[in-house]
Amino acid sequence: MRDDNTNNVNMKIWQLMFLQQISQSYQIIYLSYLIWKYDLLYLMSQYWMLDIFMLTALGLLRIKFKAIVNNLIMDTLIGSVLKLLLLINVKYYQQFQIQYFSYAIMAYYFIRVLVQNIRKISNNQQISQYSFIIQGIKLLFVLQIMLVTMKHTKTITWNWYSVFSISWGLLIISFIVYFVFLLSIGETIMDYVRNRTTKTQLIGGLWFSLYMNSFSILPMWFLLEVSWYEETNYSNTTSTLFLVLIVYNGIILLGLILFFSYIKLYIIEIRFNTTNQTNQTRQKQKFIQIDIPYKIVQISSTYFEIIRYQKNMITVQHSNQSVIHQKTKLKAFEFVGKTEQLQSPVAERELELIKQIEEKCQICYDVEPNIVLLPCQHGGICEECIIKWLEKQKNCYICRQKIEKYLRVAKTHEEGKFTIRDIAMCD
């Protein structure tokens, strides 16, 4: 299973790289067309070569990795046909009303999204947020293509800045997300200088910030160049952008090759989704009620002892020491610590603050913990956090021992004691 997850992560990383390189390649080819005044046929032939490359890569993914790429293949084919019709309209037969084909594409995508979502709902499948966003972006891009074709056929008389309004909106949102991410990267750099974070976080964050720039600042620059050139038939920074895109692509690809292991760990740590969208629905844990009168005694903020009342006797489960002995040691330790600093109000406030922190979940520090893990008997975690934790790994977050099951507990009136409400088995 671990090898499968590793392969999934590897494939996702290269899919990200493939998307970025293809996107930048389209921009580079168009800029070369503007710089050297190539014929329109040259531009379209270069785009078709990219389409052939994409279809070959998608076919390999479909055959070798059994990836679901049918929609992507269809998208590429539609794009190739649209380029052919655009070439015919601009170069050979200007009376050809290409905008009607863009209307048909818009209708096709709308119907496809509708059918896909209805099918998922009928099969009781969850429509993931990621899938919903991707479908929405695709519809907006199709609408953008429709505006471009309408401009070429003079159905609308807008300037090119207005024609690209949809792309501007998406890029502005992308830039805002990118700016927030840059702020977090700045904080990561400061933490690394102070030895508060890992090399993985630093290298992975820097590479990912370069990657995100490919879908924010650089495309905005590209649209400015295209709009300005279409309006004035001249731009003095087109060559500069052309060179920047080539060098930028090389840096991102070289960084991925040199630091692949760090980038892979970074993507895993930020909970990058490595499973198919059809398997993303979270399975709720089934809890089993406990009939035997078990109780739990809290030894520390993250460790518990399980006791069982039977014929007026108390037996301790999974322990080499008595509960009373451990509680006595802890109380004695607290007494000595408080006695030594009894005259210090600052120390008392610090102790009170520590106590408040220990009473919260040690993962989110937001709600009170109500989960105890078995067999290691560590706790200090809430139900929502343990569900998210088990989605990533099956080991205790403290001792790394394998989690076989976990208890849902509730506080009693006696200090430091809990009752077991029910138990959940881990798959």
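For clarity, every value in this text was computed on a predicted model and none was experimentally measured.

**What to know about the packing of helix α9 (residues 217–232) against helix α10 (residues 238–258)**
Describing two packed helices takes the angle between their axes plus the distance from one axis to the other.
So, step 1. Where α9 meets α10, the axes come as close as 11 Å, and the angle between the chain directions of the two elements is 155°. In terms of orientation, α9 lies roughly antiparallel with respect to α10. Crossing hand, α9 versus α10: left-handed. Residues L218, W221, F222 and E225 of α9 touch α10, and the partners they reach there are T238, T240, L241, V244, L245 and Y248.
So, step 2. Its residues assigned to classes, the contact of α9 with α10 comprises seven nonpolar, two polar and one charged.

**Concerning the packing of helix α4 (residues 99–122) against helix α5 (residues 129–152)**
So, step 1. Taken N-terminus to C-terminus, the directions of α4 and α5 make an angle of 170°; their axes are 8 Å apart at the nearest point. Judged on the interaxial angle alone, α5 and α4 are roughly antiparallel. Residue-level inspection shows Q99, S102, Y103, I105, M106, Y109, F110, R112, V113, Q116, N117 and K120 of α4 in contact with α5, the latter providing S131, Q135, K138, L139, V142, L143, M146, T149 and M150.
So, step 2. For the contact of α4 with α5, the per-class residue count stands at eleven nonpolar, seven polar and three charged.

**A word on the pattern of salt bridges**
So, step 1. Under the defined criterion, the tally for this structure stands at six salt bridges.
So, step 2. For the salt bridge of K83 with D51, the shortest nitrogen-to-oxygen distance reads 2.9 Å. A residue pair is termed long-range when its members are at least 10 positions apart, and K83 in helix α3 (residues 70–92) and D51 in helix α2 (residues 40–64) qualify at 32 residues. Comparing K83 with D51, the two get one shared label, buried.
So, step 3. The residue D75 makes a salt bridge to R112 at a minimum N-O spacing of 3.2 Å. Pair noted here: D75 is in helix α3 and R112 is in helix α4, with a separation of 37 residues, a long-range link.

**Quick notes on the nonpolar core**
So, step 1. Y30, L43, F164, W207, F208, F222 and L256 are the most contacted members of the largest nonpolar core, which has 62 residues in total.
So, step 2. Per-element accounting of this core gives the leading share, twelve residues, to helix α1 (residues 2–35).
So, step 3. The contact partners of Y30, leaving out residues within four places of it in the chain, are L43, Y47, F222, V226 and E230.
So, step 4. Counting residues in hydrophobic clusters, the runner-up holds 17 residues, among them C376, I381, C385 and Y406.

**What about the UniProt feature "transmembrane region" (unreviewed entry) in the protein?**
So, step 1. Here, the residues flagged by UniProt with the feature "transmembrane region" (unreviewed entry) are residues 40–60, 72–92, 98–115, 127–148, 160–181, 202–222 and 242–263.
So, step 2. Segment residues 72–92 splits into 100% helix and 0% strand. End C-alpha atoms: 30 Å apart.

**Concerning the side chain of S102**
So, step 1. Within the element layout of this structure, S102 appears in helix α4.
So, step 2. In this structure S102 comes out as buried when scored by relative accessible area, which is 1%.
So, step 3. There is a polar contact of 2.4 Å between the side chain of S102 and the backbone oxygen of Q99.
So, step 4. Among the polar contacts made by the side chain of S102, one reaches the side chain of T149 at a distance of 3.1 Å.
So, step 5. Beyond its immediate chain neighbours, meaning those up to four positions away, S102 contacts M146 and T149.

**Comments concerning the UniProt feature "domain: RING-type" (unreviewed entry) in the protein**
So, step 1. Mapped onto the present numbering, the UniProt feature "domain: RING-type" (unreviewed entry) falls at residues 361–400.
So, step 2. Taken end to end, residues 361–400 is 25% helix and 10% strand, and its first and last C-alpha atoms sit 18 Å apart.

**Brief notes about unusual backbone geometry**
So, step 1. Geometrically, the link from L374 to P375 is a cis peptide bond, its omega value of 10° lying close to zero.
So, step 2. Structurally, the position occupied by P375 is in the loop between β5 (371–374) and α14 (383–392).
So, step 3. A positive phi is found at N195, a non-glycine position, where the angle reads about 60°.
So, step 4. Positionally, N195 belongs in the loop between α7 (165–193) and α8 (199–213).
So, step 5. Its relative accessible area of 70% is what places N195 among the exposed residues.
So, step 6. If you check the backbone angles, Q377 has positive phi at about 70° while not being a glycine.

Reading the values: rules and limits
- Residues numbered from 1 in each chain as written.
- Predicted model: local features only at pLDDT ≥ 70, side-chain atom pairs only at ≥ 80, totals over all residues.
- Heavy atoms only, no water.
- Axes fitted to C-alpha atoms, helices over the stretch in contact; angles between N-to-C directions.
- Helix = DSSP H or I, 4+ residues; strand = E, 2+ residues; numbered from the N terminus.
- Parallel < 35°, antiparallel > 145°, perpendicular 65-115°, else oblique.
- Left-handed = near helix turned anticlockwise from the far one by under 90°.
- Contact = heavy atoms within 4.5 Å.
- Nonpolar A, V, L, I, M, F, W, Y, C, P; charged D, E, K, R; others polar.
- Salt bridge = Lys/Arg side-chain N within 4 Å of Asp/Glu carboxyl O.
- Buried < 20%, exposed > 50% of the residue type's maximum accessible area, 1.4 Å probe, protein only.
- Core = buried A, V, L, I, M, F, W, Y, C linked by side-chain atoms within 4.5 Å.
- UniProt positions renumbered as here; feature names shortened; annotations may be inferred.
- Polar contact = N/O pair within 3.5 Å; in protein donor to acceptor, adjacent residues only side chain to side chain.

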